[in-house]
Every structure is written in C-alpha cells, then in structure tokens.
Amino acid sequence: MAERRLLILYGSQTGTAEDTAERIGREAKRRHFQCRVEALDSYDVANLINELLVVFVCATTGQGDPPDNMKMFWRFLFRKNLPPSSLCQMDYAVLGLGDSSYPKFNFVAKKLHKRVLQLGGNPLLPVALGDDQHDLGPDAVIDPWLLALWDKILALYPLPPGLEIISPDVRLPPKYTLHYLSEDSMHPDGDLLQPTAARAVPSELHPFAARMVSNQRVTAESHFQDVRLIEFDTVGSGITFSAGDVVMIQPQNCPEDVQQFCQLLRLDPDRSFLLKPTEPGTALPALLPQPCTIRHLVTHYLDISCVPRRSFFELLSYFSTNELEREKLQEFSSAQGQEELYSYCNRPRRTTLEALWDFPHTTSAIPPEYLLDLIPRIRPRAFSIASSLLAHPDRIQILVAVVRYKTRLSKPRRGLCSTWLASLNPEQGDVRVPLWVKKGGMKFPADPDTPVIMIGPGTGVAPFRAAIQERVAQGWKGSCLFFGCRQKSKDFYCQAEWEELVTKGFLTLFTAFSRDQEEKVYVQHRIQENRRLVWELLTSRSAHVYLAGNAKQMPAAVAEALQSVLQLEGDLSPSEAEKYLTALEQTQRFQSETWS
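Procedures and definitions
Residues numbered from 1 in each chain as written. Predicted model: local features only at pLDDT ≥ 70, side-chain atom pairs only at ≥ 80, totals over all residues. Heavy atoms only, no water. UniProt positions renumbered as here; feature names shortened; annotations may be inferred. Phe/Tyr/Trp six-rings, centres within 6.5 Å; stacked < 30°, edge-to-face > 60°. Helix = DSSP H or I, 4+ residues; strand = E, 2+ residues; numbered from the N terminus. Buried < 20%, exposed > 50% of the residue type's maximum accessible area, 1.4 Å probe, protein only. Contact = heavy atoms within 4.5 Å. Pairing = 2+ DSSP bridges. Axes fitted to C-alpha atoms, helices over the stretch in contact; angles between N-to-C directions. Expected span 1.5 Å × (residues − 1). Right-handed = clockwise from strand over helix to strand, strands pointing away. Core = buried A, V, L, I, M, F, W, Y, C linked by side-chain atoms within 4.5 Å.

If you check an unreviewed UniProt entry, the protein chain appears there as NADPH-dependent diflavin oxidoreductase 1 from Anas zonorhyncha. UniProt lists a comment for the protein chain under the heading Catalytic activity (unreviewed entry), and it reads "2 oxidized [2Fe-2S]-[protein] + NADPH = 2 reduced [2Fe-2S]-[protein] + NADP(+) + H(+)". In the Subcellular location (unreviewed entry) part of its UniProt record, the protein chain is described as follows: "Cytoplasm, Perinuclear region".

Put into structure tokens, the structure is as follows:
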C-alpha cells in the first residue's frame, strides 16, 4: 500500500499562513497521515522531486512579493534549468492567502501553482485564494476548499483497514512535552540573550544584542502621538546596510503581562524545563534556549498580546471543564461562529491574555505542554532604517510611532514592540535590544546626477532621511522631499536637519502641515502646486520617485496627483498618464513602501 506521507510547506509573513498550515497538519493527523509542516526556506528543496503529496500554503506580501521565509525556495523554483518533468510524480495543492484590496492579489499562490504545473506536478484542486477582505476572512474560502481537498486525498490514499478518522472531539497530543528540572539544576535567565558569536552575520536565529544609545521623543509633549528617534550602537556586529534597508527587532512582553499570565495559568515563572518533541523528526523551536525558564518562555517567546486566531479557541475548548465556557469556545471555533469571533476578537483588537481572562475555568486547566501549540511565537517587527552608515558609522537610527489607540475595550490598545522600545531608558544602565538587518524593497540610484523625488508623510520619511544623509555624505545634490504632518510646531520631525540642508543647497523641501490652517493641506496638494518642477525632473532629468507611509488613502491620492501633473504639464490623456506611471513602476523609477 502506498506510504501515506503528506508534506505541508508554508510561506508566511505575519503568521496566518503558518497557522493555516498547522491546521491542515492537525487534520492530516486525524486522518492518520505521517505529516510534516515546514517553512519553505527551512525545507531542503532538492528533496522536492521525491515528494508524492504536498500542500503549499503561501501568503503574498507588499507588491506581490513572496514572504521572507520562502525567498530562497522561490529563487530555486524559477531557475531556468529545471527539467519540465522534475515534479511529475507529485500530487499537490496550493492555498493562497492575500488581500483583494492590493493590485497583486494572491500573486505568489497563483504563480507557484502555475510553476509546479509547468514542472510536471499534478494539481488535486484549483488554487484557493483566501481573502482578508471577505466578511468571514480567508476561512470563507479555506473551509470548503479543505473539505474538497480531503475528499481527493482520501480517494488516492484511503484509510488503512480498521482505522477511522479521529473524531474532532478527541484532543491530539501536543507538539512538545515539558520536562521540569529539579530546583538545584535551575539557573537565573539573565544571561540567555548571548552576544552574537564573532563573525556570524546577525540574523533572525542569531540576533545582535545592540546597545540602545538614545531614545528621544521628537513630537511635542502636547501632541497626541508619541514618536521616538531611537539610536543603537552596532560596533562589532558586522552589520552593514544602505538606504532603503530595514532593521528587524525582536520585542518582548512587559513584566506585568508576564506575571498576570503566570498567575492565570498557575505557573511558577522560575521553574526550569527541557522541551522534547512528541514525534521524532519535529524540530525544537529555534529561539528557545535549553533548558529554559517559564519566565523566559513567556517574556521572549509566547505572543500573549496578539489577537488570538480561530485555532486558539479550538484548542482551548478541549481543556474546558466548564460547560458554558466550552460551548462559547466551540462556537468561536466553528465555521458558523466566525462573525461572532470577529466581533469579539478582531474588532476590539482583544489580546490573547485578555481572552484567557474571559475563560478563567478553562485557562487554569491548560496543561503547560500545550502552550506552544496554543500561542504563536512573538514575531520580529520591521522598521525602516532612518540613518546612513556614511553619516553615522556603527549606528542604526529608527523613527518609531508608539502605537496606542482606543477600542470599545476599557484599556487602550498598545503596540507590543513600540511600547516596549519607548519604555527603555538607556540613561538608566545598559539597555540591549536583539536586532538584525535585511534588504529593503527600495533601491536608490547609484548615479549622482539622477535626482530623487521623495514623498514621505509622517514616519514614512524614515527611509528618506537615510537616503538624504547618504547622498549628502557623498556630496550629491538633487534631493527633493515632500514631507507632511499635522502641525509645524508639534510633529515636524528632523526640522532643524532639513532646514540646514536646504540652506547648504543639498535639499529642496516642500512641507504640508495639514492642521495649521482651515482647509487641510496634504503632500498630494504640494505635488500639484509644484507640478512644473516635478514634470521637469521626471522628463528632462529622469528623476526617480519614492513613496513611503501609511497605506490607507495616501498612496492612491499621491498617484492621482502625479497623474494630474502628467496631464496638465505633459498634455497626456488620463489613460496615457496612467500608462506613464505604470512604466515608471516597471522600470523601478517609481518605488513605494506602504504599511497598514
């Protein structure tokens, strides 16, 4: 009988694809498959030709890009020299996760499906396109698709005689078991963040413990938003970067939350344990030291401040000893309860810790070995680097808006990483932050004669500060910046720096202070007012245009302003102006980086 092996490979940026891949893995175990769930880049892609049954789960990021943990796989798969029959023995299915408000909706999943087909793979189903914009989220597509997928797979690989599908009422074993160590083998966990080994380039698995040098508020005290310019010392790290690159920071939970969590679950934060995989072949979590304390696990690894997903409530329902709580948890994990779950979790941005408070009987019954199945790991956060190595050797500066907003819950919502960074005070001793650098999406021209038009409202100005510093250090002129904020007196970041560069002739600056007058003025209005200059830079001097900032209305408004410049100054028709902009994007002369 054919070996019943299933491989699930995922490419995930924010954790949704990973969560979905794990869900498919659990369903496979209920159907008695030997199943592995791996990130695409941690799987040895050369083995793909030997796989008989593979499910790919992949997200699309940014402008149709693959997630960071599938980039190497992506490059390999599109090599020209792969024979067209390489994957002819593979049955496969592709599940995509995307957002239909982006132009390249689920681009990665569609392209992957097509490529595996070109290489001889046999698709079990058409590619599934999960959509964040759907009222019920991606599950609206995933649920029916998975039912069809299991029908297909079980027709090819029937259950062995005498075995039934394990009922959804039965709890599956945890991924790991915890082995508590005796008191005398315990050690304090202050030394767990080891400095990076010499010569290893810092990475997610080996971050560099950078010393925070300064943490300065750059908005007026009376301004509603707290924005920080934070500087790190990277001496000895081997870190290099150029303008447009990104620093990744690994945040941690605050001590109060850690204490609350341990009290709720009746855990002793100072107990030490070793982790053992339940099944041979399961890798241990890369970032957890062995042995580890409960306090370290909760502080540095478990994301207790994230909004919990459906899978959290599903697993939680198995531990519930209280009938009312169990019914509610089962409703939240059912297909019919998704609207209810959305109102409970996503709308008010309720955290995992708060959800655990709401189910106290269940929470106190959670077996500690299930913690790593129940709660995802804390993901690193990306920040555009706001300084240049040429201007500030061995330093990295970032501009951080401290995330804080109200929902209908009484406690304000806070961003995990920005709140943690803002709380650190380098004047009170040695403060260390785990970080590493990765290539950013924006590339600036290497030719000193190419002018650059940068449009960066708010903290969107961060990568442009790096680019301008880099250009100034090389003696290059021709930098033009459109900067927008609310009020000149309250949130005009780096004002003195920009004004000095204008005086010295290195920078042309246009500012839009939206609340300083009756009618609101934004960067797009300044672009239209200065259309003659923008047109001349674009057409006579082949300028490159860059846009960074919040993804809500701003990018569309800026694109519209640029199109109107082309129409009014260049006599182009609306469709010609649109084509012109598209051509600029295709030749990398118009690049944007936006975030929601």
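Q: When you look at the packing of aromatic side chains in this model, what are you seeing that I'm missing?
A: The relative placement of two aromatic rings is captured by the distance of their centres and the angle of their planes. On inspection of all chains with the given rule, the structure shows 15 aromatic pairs. Judged by centre distance (5.2 Å) and plane angle (75°), the ring pair of Phe 313 and Phe 332 falls under edge-to-face. Taken together, the positions of Phe 313 in helix α7 (residues 310-319) and Phe 332 in helix α8 (residues 323-332) put the pair 19 residues apart, joining distant regions of the chain. In this structure Phe 313 comes out as buried when scored by relative accessible area, which is 0%. Taking the relative accessible area as the measure of exposure, Phe 332 reaches 2% and is therefore buried. Through a chain of ring-to-ring contacts, three or more aromatic side chains come together here, namely Phe 312, Phe 313, Phe 332 and Tyr 344.

Q: Even after reading the chapter, I still don't get the UniProt feature "binding site: NADP(+)" (unreviewed entry) in the protein chain, so can you show me in this structure?
A: The UniProt record annotates "binding site: NADP(+)" (unreviewed entry) at Thr 459, Ser 514, Arg 515, Lys 520, Val 521, Tyr 522, Val 523 and Gln 524. Checked against the element boundaries, Thr 459 lands in the loop between β18 (452-455) and α14 (462-473). Excluding anything up to four places from it in sequence, Thr 459 contacts Val 227, Leu 399, Ala 401, Tyr 493 and Trp 595. Counting through the fold element by element, Gln 524 comes out in helix α16 (residues 523-529). Leave out the neighbours within four places in its chain, and Gln 524 touches Ala 557, Val 558 and Ala 561.

Q: Hey, could you run me through the UniProt feature "binding site: FAD" (unreviewed entry) in the protein chain in this one?
A: Mapped onto the present numbering, the UniProt feature "binding site: FAD" (unreviewed entry) falls at Arg 349, Arg 381, Ala 382, Phe 383, Ser 384, Gly 415, Leu 416, Cys 417, Ser 418 and Trp 595. Of the residues just listed, which span 247 residues, the most distant C-alpha pair is 25.0 Å apart, and they do not cluster in one region. Among the secondary structure elements, Arg 381 is positioned in strand β13 (residues 381-384). Structurally, the position occupied by Trp 595 is in strand β22 (residues 590-595). We classify Trp 595 as partly exposed; its relative accessible area is 32%. If we skip the residues at most four places from it in the chain, Trp 595 touches Thr 459, Gly 460, Ala 548, Gly 549, Asn 550 and Ala 551.

Q: Got a minute to help me understand the sheet that holds strand β8 (residues 208-217) in this structure?
A: Each strand in a sheet pairs with another by means of backbone hydrogen bonds, the pair being arranged parallel or else antiparallel. Pairing is antiparallel across the open sheet formed by 6 strands, whose spatial order is β13-β10-β17-β8-β9-β14. With partners counted over all chains shown, the strands left at the sheet margins are β13 and β14 (395-401), one partner each. The mean inter-strand angle of the sheet, taken between neighbouring strand axes irrespective of direction, is 40°.

Q: Looking at this structure, how should I read helix α18 (residues 554-570)?
A: Along an α-helix, a turn takes 3.6 residues, which lines up residues three or four apart on a common side. Given a rise of 1.5 Å per residue, 17 residues ought to cover 24 Å, and the 23 Å separating the end C-alpha atoms of α18 matches this to within 8%. Looking only at α18, the buried set comprises Met 554, Val 558, Ala 561, Leu 562, Gln 563, Ser 564, Val 565, Leu 566, Glu 569 and Gly 570. Buried positions along α18 lie against β18, α16, α17 (531-539), β21 (544-550), α19 (574-586) and β22. Two residues or fewer past α18, Asp 571 is found with a positive phi of approximately 55°.

Q: What am I meant to see in the pairing of β18 here?
A: A regular strand places its side chains on the two faces of the sheet in alternate fashion. Residues Val 452 and Met 454 point to one face of β18 and Ile 453 and Ile 455 to the other, with burial holding for every one of them. Sheet topology places β18 next to strand β19 (residues 479-485); 4 bridges connect them, and they run parallel. Within β19, the position partnered with Met 454 by the bridge is Leu 481. Each parallel crossover has a hand, and for β18 linked through α14 to β19 it is right-handed. Note that β18 and β21 share 4 bridges and pair parallel. Opposite Ile 455, over in β21, you have Leu 547 as the bridge partner.

Q: Hey, could you run me through the nonpolar core in this one?
A: A general tendency of soluble globular proteins is for nonpolar side chains to be buried together. In terms of nonpolar packing, the biggest core is built from 39 residues, with Phe 261, Leu 297, Leu 302, Phe 313 and Leu 371 touching the most fellow members. When residues of this core are assigned to their parent elements, the largest contribution, 5 residues, is made by α7.

Q: Explanation requested: the side chain of Glu 231 in the structure shown.
A: As for its position among the elements, Glu 231 is in strand β9 (residues 227-233). The exposure class assigned to Glu 231 is buried, which follows from its relative accessible area of 14%. Setting aside residues no more than four positions away along its own chain, Glu 231 makes contact with Arg 211, Met 212, Val 213, Ser 214, His 392, Arg 395, Ile 396 and Gln 397.

Q: Mind showing me how you'd approach the sheet that holds strand β11 (residues 272-277) here?
A: An order of β7-β11-β12 is seen for the 3 strands of this open sheet, with the pairing classed as antiparallel. Edge strands, defined here as strands with exactly one partner in the open sheet, are β7 (176-180) and β12 (292-293). Here β7 runs beside β11; their pairing, made up of 5 bridges, is antiparallel. Directly across from His 179, in β11, lies its bridge partner Leu 274.

Q: Help me out: how do you make sense of unusual backbone geometry in this one?
A: Excluding glycine, most residues fall at negative phi; most peptide bonds, likewise, are trans. In the segment running from Gln 290 into Pro 291, the intervening peptide bond is cis, with an omega of -5°. At Asp 394, a position not held by glycine, the phi torsion is positive, near 60°. Within the secondary structure, Asp 394 is located in the loop between β13 and β14. The exposure class of Asp 394 is partly exposed, given its relative accessible area of 37%. Unusually for a residue other than glycine, Asp 571 sits at a positive phi of about 55°. Following the sequence through the fold, Asp 571 ends up in the loop between α18 and α19. Note on Asp 571: relative accessible area 70%, which makes it exposed.

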